[in-house]
Amino acid sequence: MPQPDLQTLSPDCESCPIRHRAVCARCETDELVRLEQIKYYRSYQAGQTVIWSGDRMDFVGSVVTGIATLTQTMEDGRRQMVGLLLPSDFVGRPGRQSAAYDVTAATDLVMCCFRKKPFEELMIQTPHIAQRLLEMTLDELDAAREWMLLLGRKTAREKIASLLSIIARRDASLKLRSATGHVTFDLPLTREEMADYLGLTLETVSRQMSALKRDGVIGLEGKRHIMVPDFDKLVEEAGDDSDGGFLV
């Protein structure tokens with residue numbers, strides 16, 4: 001998945017590809033001007049750590065392109081992926097000094113970052129930013145609850161279908177269209193990363209992907225390009241209703 005060079009990213013928030021979904025989505029022109037004064041871009045290569053759990057965070061920000069993983073490490077060294085950060089998702093918590101999880105670039109990653117202290121001050125003065133961040137936080141809470149259902153109750157096939165539908169919905173949303181009918185998107189995760197996130201083995205992920213392809217639910221072009229002939233059918237395989245799902 002090619003990433004834009006930092007030099008080609010426009011400093012103008014109005015033309016940002018995640019503008020309609022990000023924390024600045026409700027901002028007026030004068031508020032965007034103030035945000036632009038405290039923002040900067042950071043890029044990370046796939047596999048590079050953005051922040052370690054417990055480290056002090058001097059910034060907050062939004063994923064512009066790429067995907068990052070949220071991971072927690074237990075005392076005995078075991079690691080569990082607990083979340084994904086997709087384009088427009090927010091990284092960091094205003095008012096919190098340190099990171100709660102390891103954040104790692106799953107793909108090449110570009111982030112729009114804000115210096116933390118000025119951002120916290122701007123939140124107090126700008127209700128639109130605080131309101132949007134609250135909405136995003138509640139959406140994140142809903143997604144976490146749905147993910148508990150997925151990990152605890154869904155079959156391996158339903159887990160794979162759920163993850164594919166999540167990514168398809170987000171991809172469609174970023175392109176300002178709905179996920180209906182025939183849908184295509186690039187899968188940003190490797191089979192190993194999917195297995196880690198879903199609590200499955202690599203063999204199970206590969207087997208279920210092949211089964212979904214064999215049954216005509218998805219088509220595969222290479223390892224990453226996914227074609228869905230009928231999105232409603234994929235949602236049914238996920239065990240969700242046709243207009244449901246989470247992380248939309």
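Residues numbered from 1 in each chain as written. Predicted model: local features only at pLDDT ≥ 70, side-chain atom pairs only at ≥ 80, totals over all residues. Heavy atoms only, no water.

**Q** Sorry, what's going on with the overall build of the protein here?
**A** When helices and strands are counted, the protein shows seven helices and eleven strands. By the compact-globule yardstick of 18 Å for 248 residues, the protein fits well, its C-alpha radius of gyration being 18 Å. Seen along its three principal axes, the alpha-carbon backbone of the protein occupies a region of about 55 × 45 × 30 Å. Here the protein, with 248 residues, has 46% of them falling under the buried criterion. Within the protein, contacts between residues at least 6 apart in sequence are counted, and of these 72% link residues at least 24 apart. (Helix = DSSP H or I, 4+ residues; strand = E, 2+ residues; numbered from the N terminus. Rg over C-alpha atoms; globule rule 2.2 N^0.38 Å. Buried < 20%, exposed > 50% of the residue type's maximum accessible area, 1.4 Å probe, protein only. Contact = heavy atoms within 4.5 Å.)

**Q** Help me understand the sheet that holds strand β6 (residues 90–91) in this model?
**A** Note: strands within a sheet are paired through backbone hydrogen bonds, in either parallel or antiparallel orientation. The four strands are arranged β1-β8-β3-β6 in an open sheet whose pairing can be described as antiparallel. If you trace the sheet from one side to the other, it starts and ends with β1 (39–44) and β6, each paired once. Bridging between strand β3 (residues 59–65) and β6 involves two bridges; their strand directions are antiparallel. The residue bridging Ser 62 from the neighbouring strand is Phe 90, located in β6. Along the sheet, helix α2 (residues 116–125) makes contact with β3, β6 and β8 (109–115), crossing β8 at roughly 65°. (Pairing = 2+ DSSP bridges. Axes fitted to C-alpha atoms, helices over the stretch in contact; angles between N-to-C directions.)

**Q** What should I look at first to understand the packing of aromatic side chains in this one?
**A** Any pair of aromatic rings gets described here by the distance separating the centres and the angle formed by the planes. Applying the stated criterion across every chain yields a total of two aromatic pairs. Considering the side-chain rings of Phe 114 and Phe 119, the 5.4 Å spacing of their centres and the 25° angle between planes classify their relative orientation as stacked. In this structure, Phe 114 and Phe 119 share a single accessibility class: buried. Among the aromatic side chains, those forming a connected cluster through ring pairs are Phe 90, Phe 114 and Phe 119. Over the aromatic face of Phe 59 sits the side chain of Arg 42, whose NZ or CZ is 4.4 Å from the ring centroid. (Phe/Tyr/Trp six-rings, centres within 6.5 Å; stacked < 30°, edge-to-face > 60°. Lys NZ or Arg CZ within 6 Å of the ring centre and 35° of its normal.)

**Q** Any chance you could explain empty space enclosed by the protein here in plain terms?
**A** Rolling a probe over the atoms, with the probe sized like a water molecule, indicates the empty space that remains. Evaluated as defined, the whole model comprises one cavity of 30 Å³ or more. Quantified by volume, the largest cavity comes out at close to 90 Å³. Lining the largest cavity are Cys 13, Cys 16, Ile 18, Ala 22, Val 23, Cys 24, Lys 39, Tyr 41, Ser 62, Cys 112 and Phe 114. Elements represented by at least two residues in the lining of the largest cavity include exactly β1 and β8. Class assignment of the residues belonging to the lining of the largest cavity gives a composition of nine nonpolar, one polar and one charged. (1 Å grid on protein atoms, 1.4 Å probe; cavity = no way out; pocket = protein on both sides within 12 Å on 5 of 7 lines; lining within 4 Å. Points joined across faces, edges and corners; volume = space filled by probe spheres on them. Nonpolar A, V, L, I, M, F, W, Y, C, P; charged D, E, K, R; others polar.)

**Q** Is there a simple way to think about the packing of α2 against helix α3 (residues 127–153) in this case?
**A** Packed helix pairs are characterised by how far apart their axes lie and by the angle those axes make with each other. Two elements in contact, α2 and α3, have axes separated by 5 Å at closest approach and are oriented at 100°. Viewed along their axes, α2 and α3 adopt a mutual orientation that is roughly perpendicular. Of the residues in α3, those in contact with Phe 119, Leu 122, Met 123 and Gln 125 of α2 are Pro 127, Ile 129, Ala 130 and Leu 133. Considering only residue class, the contact of α2 with α3 consists of seven nonpolar, one polar and no charged. (Parallel < 35°, antiparallel > 145°, perpendicular 65-115°, else oblique.)

**Q** Honestly, the pattern of salt bridges in this entry has me stumped. Any pointers?
**A** Charged atoms that come close allow side chains of opposite charge to pair. All chains considered together, the criterion is met by seven salt bridges. Measuring nitrogen to oxygen at the nearest pair gives 3.3 Å for the salt bridge that ties Asp 89 to Arg 170. Taken together, the residues Asp 89 in the loop between β5 (79–85) and β6 and Arg 170 in helix α4 (residues 156–174) connect sequence positions 81 residues apart. Assessed through its relative accessible area of 12%, Asp 89 is described here as buried. (Salt bridge = Lys/Arg side-chain N within 4 Å of Asp/Glu carboxyl O.)

**Q** Even after reading the chapter, I still don't get a nonpolar patch on the surface, so can you show me in this structure?
**A** On the surface, Leu 134, Leu 138 and Leu 141 cluster together into a nonpolar patch covering about 270 Å² of accessible area. Residue placement: Leu 134 occurs in helix α3. (Patch = residues over 30% accessible without salt bridge, like charges linked within 9 Å, V, L, I, M, F, W, Y side chains within 5 Å. Areas by Shrake-Rupley, 256 points an atom, 1.4 Å probe, with all protein chains shown as cover.)

**Q** Help me understand the environment of Phe 59 in this model?
**A** Along the polypeptide, Phe 59 turns up in strand β3. Through-space distance from the C-alpha of Phe 59 to that of Arg 115 is 4.7 Å; in sequence the pair is 56 residues apart.

**Q** Is there a simple way to explain α2 in this structure?
**A** Structurally, the α-helix is built with 3.6 residues per turn, so residues lying three or four positions apart point the same way. Of the residues making up α2, those classed as buried are Lys 116, Phe 119, Glu 120, Leu 122 and Met 123. Along the long axis of α2, the arc covered by the buried residues comes to 160°, so they all point the same way. Exposed side of α2, more than 90 degrees from the buried face: Lys 117 and Ile 124 are the residues found there. Buried residues along α2 sit in contact with α1 (29–36), β3, β6, β8 and α3. (Arc of directions from axis to C-beta.)

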